[in-house]
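Examining the three-dimensional arrangement
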Amino acid sequence: MRTKLFQAFLSLSVLSLGAFAQPVSPSAKGSDDQAANSVSPRAYLMPNDVSFAHIAVGGWWRTQFFLVNMSANSINYTLYFFDDNGNPMTLPIPMTSGGYSWNTSFTGTIAGNGENNFTATNLDTVNTKTGQAILTYDHTQGDIGGFSVFQEVATNGQVYEATVPFSGTDSKLYLPFYHFEGYDSGVALANPTNASTRITIQALNNVGSIILTDSSIVLAGYGHIAFDLLSRYPSLNNVRGSLYITSSSGYLSAVGLRFSPTGSYTTIPIMNWPGMFQ
């Protein structure tokens, strides 16, 4: 159950409360659009772009995205969606004329010092798509801050939610875990570049000793994986410590999740800093 919860903990069909999204067709992309023109390895869609490390569409899940323009200039932005294999992922996008259109990206504009938020709903209540979303915009115009809130809509009508921050140009990071008293943890890893990357995960106990190493995960360009730790690494039961995660490409997007024995959950933000270990 917890594995299913984590692999589907974010949903995304997009309803803009601040500005309706407009679909972007391949023909509308210019020659300088790096998403449409084979970008060089180890490059984001554009420098300094940020990723939502896990999104899911359908089933029990919906998500809100909150974007804040932290400058006086209006900023145009685009969200690109990729599935677990790194392929463009079509999602239902609301149209200004009403209804939805299935697209692999959408664009919006945030007024100077303004805010957009998007409620992502579960139009398909049976099937769930998973992957990542990458936010790209012209950083010379200013900076966009934000986060997403994923929501589980239970059959009894109750809504459970937790917050996911942006994940940026990370290559080394820590995630703590605590696996006593029925607690479990999960992690979502996303490759925000167009080149494949090998992920190495080391589990360290509470005194810093390496107790597990896994270098078997290879993510395709823009690929994604999500799993709960005790299903993949059962030896971590009754252990507390942290995961040290690195990417061979130098870029990685990630978010963690902590499950309580009663079924409630919260996110675990990544821990790193600029120039870590350099």
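Our structure is the block above this text.
In this report, we go over the structure that sits alongside the text. (Residues numbered from 1 in each chain as written. Predicted model: local features only at pLDDT ≥ 70, side-chain atom pairs only at ≥ 80, totals over all residues. Heavy atoms only, no water.)

What about the nonpolar core?
Note on soluble globular proteins: their nonpolar side chains tend to be buried together. Counting residues in hydrophobic clusters, the biggest one holds 22 residues, and the most contacted among them are Leu189, Ile199, Ile201, Leu243 and Ile245. Put simply, the parts of the chain that give this core at least two residues each are strand 13 (172-178), strand 14 (184-190), strand 15 (197-205), strand 16 (210-219), helix 2 (229-232) and strand 18 (240-247). Apart from the residues within four sequence positions on either side, Leu243 is in contact with Leu173, Tyr174, Leu175, Phe177, Ile201, Gln202, Ala203 and Leu229. Grouped together as the second largest cluster of nonpolar side chains are 21 residues, Leu67, Tyr77, Phe106 and Ile110 included. (Core = buried A, V, L, I, M, F, W, Y, C linked by side-chain atoms within 4.5 Å. Buried < 20%, exposed > 50% of the residue type's maximum accessible area, 1.4 Å probe, protein only. Helix = DSSP H or I, 4+ residues; strand = E, 2+ residues; numbered from the N terminus. Contact = heavy atoms within 4.5 Å.)

Describing the sheet that holds strand 13
An order of 13-18-15-16 is seen for the 4 strands of this open sheet, with the pairing classed as antiparallel. Unpaired on one side and paired on the other, strand 13 and strand 16 mark the two borders of the sheet. Direction aside, neighbouring strands of the sheet carry axes that sit 20° apart on average. Relative to strand 16, strand 15 runs antiparallel, the two sharing 7 bridges. Bridge assignment links Thr197 to a residue of strand 16, and that residue is Leu219. (Pairing = 2+ DSSP bridges. Axes fitted to C-alpha atoms, helices over the stretch in contact; angles between N-to-C directions.)

Brief notes about the environment of Asp170
Along the chain, Asp170 turns up in the loop between strand 12 (159-165) and strand 13. Considering only alpha carbons, one finds Asp170 and Leu252, 82 residues apart in sequence, at a separation of 5.1 Å.

Section: the sheet that holds strand 20 (residues 265-268)
Taken in spatial order, the 4 strands line up as 17-14-19-20 in an open sheet, and their pairing is antiparallel. Pairing within the sheet leaves two strands with one partner each, and these edge strands are strand 17 (224-228) and strand 20. The sheet shows a mean angle of 15° between the axes of neighbouring strands, taken without regard to direction. By the bridge criterion, 5 bridges tie strand 14 to strand 17 in an arrangement that is antiparallel.

So, the pattern of salt bridges
Between side chains of opposite charge, pairing is possible as soon as their charged atoms come close. Throughout the structure, instances matching the rule amount to 1 salt bridge. Asp214 serves as the salt-bridge partner of Arg232, at 3.1 Å between the closest nitrogen and oxygen. Taken together, the residues Arg232 in helix 2 and Asp214 in strand 16 connect sequence positions 18 residues apart. Judged by its relative accessible area of 32%, Arg232 is partly exposed. Residue Asp214 is classed as buried on the basis of its relative accessible area of 9%. (Salt bridge = Lys/Arg side-chain N within 4 Å of Asp/Glu carboxyl O.)

As for the environment of Gly142
Residue position: Gly142 is located in the loop between strand 10 (129-137) and strand 11 (144-153). Taking the C-alpha atoms as reference, Gly142 lies 8.4 Å from Ser74; in sequence the two are 68 residues apart. If we ignore the near neighbours within four places in the chain, the residues touching Gly142 are Ser71, Ile75 and Tyr137.

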